[in-house]
Amino acid sequence: MGSSEMCRDLAGEVEKLLKTSNSYLRKKAALCAVHVIRKVPELMEMFLPATKNLLSEKNHGEILHTSVVLLTEMCERSPDMLSHFRKLVPQLVRILKNLIMSGYSPEHDVSGISDPFLQVRILRLLRILGKGDDDSSEAMNDILAQVATNTETSKNVGNAILYETVLTIMDIKSESGLRVLAINILGRFLLNNDKNIRYVALTSLLKTVQTDHNAVQRHRSTIVDCLKDLDVSIKRRAMELSFALVNGNNIRGMMKELLYFLDSCDPDFKADCASGIFLAAEKYAPSKRWHIDTVMRVLTTAGSYVRDDSVPNLIQLITNSVEMHAYTVQRLYKALLDDISQQPLVQVASWCIGEYGDLLVSGQCEEEEPIQVSEDEVLDVLEGLLVSNLSTPVTRAYSLTAIMKLSTRFSSVNRIKKVVSIYGSSIDVELQQRAVEYNALFKKYDHMRPALLERMPIMEKTATNGPTDIAQTNGETDSTILDTKHLPSITQPASQVGRCNYHICFCLAGIPPMTAYNKNGLKIEFTFERSNPSPNIAVITIHATNSTEADMTEFVFQAAVPKQQLRMRIKLTYTHKGSPVQDLAEVNNFPPQSWQ
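As the structure is a prediction and not an experimental result, all values here were calculated from the model.

What counts, and at which threshold
Residues numbered from 1 in each chain as written. Predicted model: local features only at pLDDT ≥ 70, side-chain atom pairs only at ≥ 80, totals over all residues. Heavy atoms only, no water. Helix = DSSP H or I, 4+ residues; strand = E, 2+ residues; numbered from the N terminus. Buried < 20%, exposed > 50% of the residue type's maximum accessible area, 1.4 Å probe, protein only. Contact = heavy atoms within 4.5 Å. Areas by Shrake-Rupley, 256 points an atom, 1.4 Å probe, with all protein chains shown as cover. Core = buried A, V, L, I, M, F, W, Y, C linked by side-chain atoms within 4.5 Å. Phe/Tyr/Trp six-rings, centres within 6.5 Å; stacked < 30°, edge-to-face > 60°. Lys NZ or Arg CZ within 6 Å of the ring centre and 35° of its normal. Polar contact = N/O pair within 3.5 Å; in protein donor to acceptor, adjacent residues only side chain to side chain. pLDDT = per-residue confidence, 0-100. Axes fitted to C-alpha atoms, helices over the stretch in contact; angles between N-to-C directions. Parallel < 35°, antiparallel > 145°, perpendicular 65-115°, else oblique. Nonpolar A, V, L, I, M, F, W, Y, C, P; charged D, E, K, R; others polar. Pairing = 2+ DSSP bridges. Salt bridge = Lys/Arg side-chain N within 4 Å of Asp/Glu carboxyl O. Expected span 1.5 Å × (residues − 1).

A. Local environment of the overall build of the chain. When you go through the chain residue by residue, the secondary structure sums to 25 helices and 10 strands. The 596 residues of the chain split such that 52% are buried. If you take every contact in the chain between residues at least 6 apart in sequence, the share linking residues at least 24 apart comes to 67%. Counting every atom, the chain has about 27900 Å² of accessible surface; 50% of that belongs to carbon and sulfur.

B. Geometry of the nonpolar core. Formed by 159 residues in total, the largest nonpolar core has its most connected members in Ile122, Met255, Ile277 and Val378. Per element, the largest residue contribution to this core is 10 residues, and it comes from helix H19 (residues 343–362). Not counting the four nearest positions on each side in its chain, Ile277 is found in contact with Phe243, Met255, Leu258, Leu259, Leu262, Thr294 and Val298. With 23 residues, the next largest nonpolar core counts Ile511, Met514, Ile540 and Ala585 among its residues.

C. The packing of aromatic side chains, seen in detail. Tallying each qualifying case throughout the model produces four aromatic pairs. Between Phe261 and Phe269, the aromatic rings sit 5.9 Å apart at their centres with planes inclined by 80°, giving edge-to-face as the arrangement. The pair formed by Phe261 and Phe269 is uniform in burial state, with each residue classed as buried. Above the face of the Phe269 ring, Arg236 is positioned so that its terminal group lies 4.6 Å from the ring centre.

D. Summary view of the side chain of Thr165. Along the chain, Thr165 falls in helix H8 (residues 156–171). A distance of 2.7 Å separates the side chain of Thr165 from the backbone oxygen of Ile161, its partner in a polar contact. The contacts of Thr165, once residues within four sequence positions are left out, are Leu123, Leu144, Val147 and Ala148.

E. Region of interest: unusual backbone geometry. Unusually for a residue other than glycine, Asn520 sits at a positive phi of about 55°. Within the secondary structure, Asn520 sits in the loop between strand E5 (514–519) and strand E6 (522–530). Asn520 gets classed as exposed once you look at its relative accessible area, which sits at 54%. We note that Lys577 has phi near 55°; this positive angle belongs to a residue other than glycine.

F. Main features of the confidence of the model for the chain. Predicted confidence across the chain gives a mean pLDDT of 84, with 87% of residues reaching 70 or more. Segment residues 462–480: pLDDT under 50, and 64 contacts once partners within four positions in sequence are set aside and those in other chains are kept. Note that residues 489–509 has pLDDT below 50 and, in this model, 73 contacts with residues that lie over four places away or in other chains.

G. Representation of the packing of helix H5 (residues 89–101) against helix H7 (residues 134–150). The interhelical angle for the contact between H5 and H7, taken along N-to-C directions, is 10°, at an axis separation of 10 Å. With respect to their mutual orientation, H5 and H7 come out roughly parallel. Between H5, through Val89, Val93, Leu96, Lys97, Ile100 and Met101, and H7, the contact on the second element is made entirely by Ser136, Ala139, Met140, Ile143, Gln146, Val147 and Asn150. In the contact of H5 with H7, the residues fall into nine nonpolar, three polar and one charged.

H. Structural view of the packing of helix H14 (residues 251–264) against helix H16 (residues 288–302). Two numbers describe how H14 lies on H16: the axes approach to 10 Å, and their chain directions differ by 10°. The angle between H14 and H16 places the two elements in the roughly parallel class. On H16, the residues touching Ile251, Arg252, Met255, Leu259, Leu262 and Asp263 of H14 are Trp290, Thr294, Arg297, Val298, Thr301 and Ala302. Looking at the contact of H14 with H16 residue by residue, the classes come out as seven nonpolar, two polar and three charged.

I. Representation of the side chain of Asn439 within the structure. On the secondary structure map, Asn439 appears in helix H23 (residues 429–444). A residue is classified by how much of its surface remains accessible, and Asn439, at 15% relative accessible area, is buried. Leaving out residues up to four positions away in the same chain, Asn439 has contacts with Lys417, Val420 and Ser421.

J. Summary view of the environment of Gly187. Checked against the element boundaries, Gly187 lands in helix H9 (residues 176–189). Gly187 gets classed as buried once you look at its relative accessible area, which sits at 5%. Residues Gly187 and Ile223 lie 36 residues apart in sequence; the distance between their C-alpha atoms is 8.4 Å.

K. Structural context of the pairing of strand E10 (residues 579–587). Sheet topology places strand E9 (residues 568–576) next to E10; nine bridges connect them, and they run antiparallel. Bridge assignment links His576 to a residue of E10, and that residue is Ser579. Hairpin connection from E9 to E10: two residues lie between these consecutive antiparallel strands, with Lys577 at a positive phi of about 55°.

L. Representation of the environment of Ala285 within the structure. Here Ala285 lies in the loop between helix H15 (267–284) and H16. The exposure class of Ala285 is partly exposed, given its relative accessible area of 28%. Sequence-distant contacts of Ala285, that is, excluding residues within four places in its chain, are made with Ala280, Trp290 and His291.

M. View of the pattern of salt bridges. Counting across every chain of the model gives 31 salt bridges. For Arg455, the salt bridge is made with Asp358, and the minimal N-O distance between the two is 2.6 Å. Taken together, the residues Arg455 in the loop between helix H24 (449–452) and helix H25 (469–476) and Asp358 in helix H19 connect sequence positions 97 residues apart. Judged by its relative accessible area of 24%, Asp358 falls in the partly exposed class.

N. Main features of helix H6 (residues 116–130). In a regular helix each residue adds 1.5 Å, so 15 residues correspond to 21 Å; H6 covers 21 Å between its end C-alpha atoms and thus fits that length. Most of H6 sits inside the fold, with 12 of its 15 residues counted as buried. Within H6 the residues assigned to the buried category are Pro116, Leu118, Gln119, Val120, Ile122, Leu123, Leu125, Leu126, Arg127, Ile128, Leu129 and Gly130. Where H6 ends, the next residue or the one after it, Gly132, has phi of about 75°, a positive value.

O. Broad picture of the environment of Tyr574. Relative to the assigned elements, Tyr574 resides in strand E9. In this structure, the C-alpha to C-alpha distance between Tyr574 and Glu554, residues 20 residues apart in sequence, is 5.0 Å. Sequence-distant contacts of Tyr574, defined by excluding residues within four places in its chain, comprise Asn520, Leu522, Met552, Thr553, Glu554, Phe555, Ser579, Pro580 and Val581.

P. Looking closely at H16. The end-to-end C-alpha distance of H16, which contains 15 residues, comes to 21 Å, matching closely the 21 Å that a straight helix rising 1.5 Å per residue would cover. Turning to H16, its buried residues number three or more, namely Trp290, His291, Ile292, Thr294, Val295, Met296, Val298, Leu299 and Ala302. Turning to H16, the residues buried within the fold contact H14, H15, helix H17 (310–320), helix H18 (325–338) and H19.

Put into structure tokens, the structure is as follows:
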């Protein structure tokens, strides 16, 4: 209970009592010294001389235990003390050897083990002294092997000592054979009836799996069995460790077990399990088809629990797997017929049907037996999603965009026009805006519709904080089109070719203009101004200039803007010197004033 002031005043008296002949007083003085060091660490050196003979005590029950506690406290708090006390390792090894080999003090026997409390304390101190030091580690390797092989495991007392031994082996610079022995001990712990022992074994294996992967792999079947444990803490640790063990050699077997676990586990586990399966599949997938099938299985069984980025990630995977487009759209269409409650699955299916609906109705699937489906049946399904009570606003947006895309893939254009027209007056503002824009495509820009709604190109994956561009361009973005038939050479009077309004929230005060594109003589600049009556809406005016000697004709500017991200994907199409030109670019260097 002593305060720091009291500790300062009485530390000298405590130090004297550490040298008294009364063993009981020395024990209490050692414990008091521990408290003084915790309260006033700078007084530590005062007790250094008194520690010299503490480990020479014969009465280990009274003195040795508290002496080891004092030494441990000093080593943990001071690197200098740690270096100083490393010379005590041989002495600590001798004490521990006497305890396990000769029944050093029968009066401290617990369940047939001599003074397990002192053994645990010595093992902890050895762990601190051996960490990062080759000589100290080598000096304790043999005794750690003896403790690991000679300690009785039928009682918890022995298990406590073994667990402390394992932690020490893993922390010091131990021999590889000794580390394998330690991991095998943890593997035996997994078979113990005591759930606490199973839990600490899983936790310890999880800490060592990166450094001793092969040794832990030998216990993979036992670890996977722990996924069936009734205790939720053990199941969670087993799940985390199972994912850590996945590699290219066992990916199929491990995914089979983890997908089975995903089917049957509590809702609290589903989100983490789904994310783990996605990451493992992305890293170790043996084939594109297997990868797509695995992700679809997750979306089918736990779609409501997956992370927000799972939809765009799967869309990107599908987009880049050109040879699997017909197979994937057929699988997703059949999944929609079975269940429309899993919204991420429905969103991916809608996107895929919009992109590859022509492959679906043509029956081109080679991976499995193709199904016979008509254009009207496909449109019936997508229209059903628009009116379903299960569909979220995001899902409806995906569905409407898919229907619009099919206007260039199906012959049922009049039916699609009617659907789009109806939603131009939707009470859902987001859906209404899309429908209005799509109606404008039909009426004002119909000649551009095939180019605008063409299939998405293969794109490299970029790290983002939100959904990727692929999904957003097709269901989650605001998009704008600038169409001007003629961009004159700069040798003629320069002209502002058009203005596009993007719904992006900017802080517009004092935003400087920026160059968004400058290539092959074509320069596009953005200027910013506030919109009335909505000051939080930015009006971006686009100035396009041509510095070449020849005119640019049939000039089309397209842009997609993710809602959560301050960046823009642009596509430029024009004719120059009689040749068609097309280019993609990303604008991600908006002025700091626009986002700070």
